[in-house]
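What follows is each chain in one-letter form.
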Amino acid sequence: AQKVTQAQTEISVVEKEDVTLDCVYETRDTTYYLFWYKQPPSGELVFLIRRNSFDEQNEISGRYSWNFQKSTSSFNFTITASQVVDSAVYFCALSDFMNRDDKIIFGKGTRLHILP
Amino acid sequence: DTEVTQTPKHLVMGMTNKKSLKCEQHMGHRAMYWYKQKAKKPPELMFVYSYEKLSINESVPSRFSPECPNSSLLNLHLHALQPEDSALYLCASSQVVARRYEQYFGPGTRLTVT
């Protein structure tokens, strides 16, 4: 069965600190895609990254970085030098080919508070 | 441009009303989705349209009726809703179905059923 676990329900850090959001996934498929989305208080889900199961290279985009480790089925997300605008709910998600079409399995989300 | 627009932003309706939610994208995407999101929960898939045809209906009650008049537009018709249907309704689109491309979401319609 497919599953995405975000064990951290809520995290608070002071601005400029680094913070890592954990994501652990389960799938029996060998080909799958992982995603991170950000949902600020306004409600819109903002796409951050898509990574396929054959590409284990870590990715960096500005202050954001992602660490994909197949051996531990984890796809963690780090924000460096956090800012108040990073306050949001962050969802990790999985889509494999055992699911119909493009059904995304979302984790429950991690609510991140960046304190000024 | 990765914009998906949704109207209205907020909607309050009685249980006997009929209303519609509208979603539009001009990215040339051929897959469009409706999600429902309750507070402090992840989005739940309701419907998927692929090339303007309904591809997935996640056992959604018939009081929700989707429609895809063309490749840019997606509607959700609402009739005889219940208070528990109050939620954020999100529309999304992606390039095509079945390739696991990322989905781009609209800002949502916050629906309150009284």
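Refer to the structure printed above.
Just so we're clear, the structure is a prediction, and the values are computed from it rather than from any experiment. (Residues numbered from 1 in each chain as written. Chains lettered and ligands numbered in written order. Predicted model: local features only at pLDDT ≥ 70, side-chain atom pairs only at ≥ 80, totals over all residues. Heavy atoms only, no water.)

(A) The arrangement of the overall build of chain B in detail. Check the secondary structure of chain B and you find zero helices and 11 strands. Going from the N terminus to the C terminus, chain B shows its helices and strands as β-β-β-β-β-β-β-β-β-β-β. The C-alpha radius of gyration of chain B comes to 13 Å, within 12% of the 13 Å expected for a compact globule of 114 residues. The C-alpha extent of chain B, read off along each of the three principal axes, is 40 × 25 × 25 Å. Looking at chain B as a whole, 52% of its 114 residues qualify as buried. Long-range pairs, those at least 24 residues apart, make up 55% of the contacts in chain B with a sequence separation of at least 6. Total accessible area on chain B stands at roughly 5400 Å², and carbon and sulfur atoms take up 48% of it. Between the averaged position of the 14 positive side-chain charges in chain B and that of its 10 negative side-chain charges there is a distance of 5 Å. (Helix = DSSP H or I, 4+ residues; strand = E, 2+ residues; numbered from the N terminus. Rg over C-alpha atoms; globule rule 2.2 N^0.38 Å. Buried < 20%, exposed > 50% of the residue type's maximum accessible area, 1.4 Å probe, protein only. Contact = heavy atoms within 4.5 Å. Areas by Shrake-Rupley, 256 points an atom, 1.4 Å probe, with all protein chains shown as cover. Lys, Arg positive; Asp, Glu negative; His and termini not counted. Charge placed at Lys NZ, Arg CZ, Asp CG, Glu CD.)

(B) Layout of the packing of aromatic side chains. A complete count under the given rule lists 19 aromatic pairs over all chains for this structure. For the pair Tyr 64 of chain A and Phe 77 of chain A, a centre-to-centre distance of 5.1 Å together with 90° between the ring planes defines the contact as edge-to-face. A residue pair is termed long-range when its members are at least 10 positions apart, and Tyr 64 of chain A in strand β8 (residues 64–69) and Phe 77 of chain A in strand β9 (residues 74–79) qualify at 13 residues. Three or more aromatic residues joined by ring pairs form one cluster here, namely Phe 35, Tyr 37, Phe 47, Phe 91 and Phe 106 of chain A together with Tyr 33, Tyr 35, Tyr 104 and Phe 105 of chain B. (Phe/Tyr/Trp six-rings, centres within 6.5 Å; stacked < 30°, edge-to-face > 60°.)

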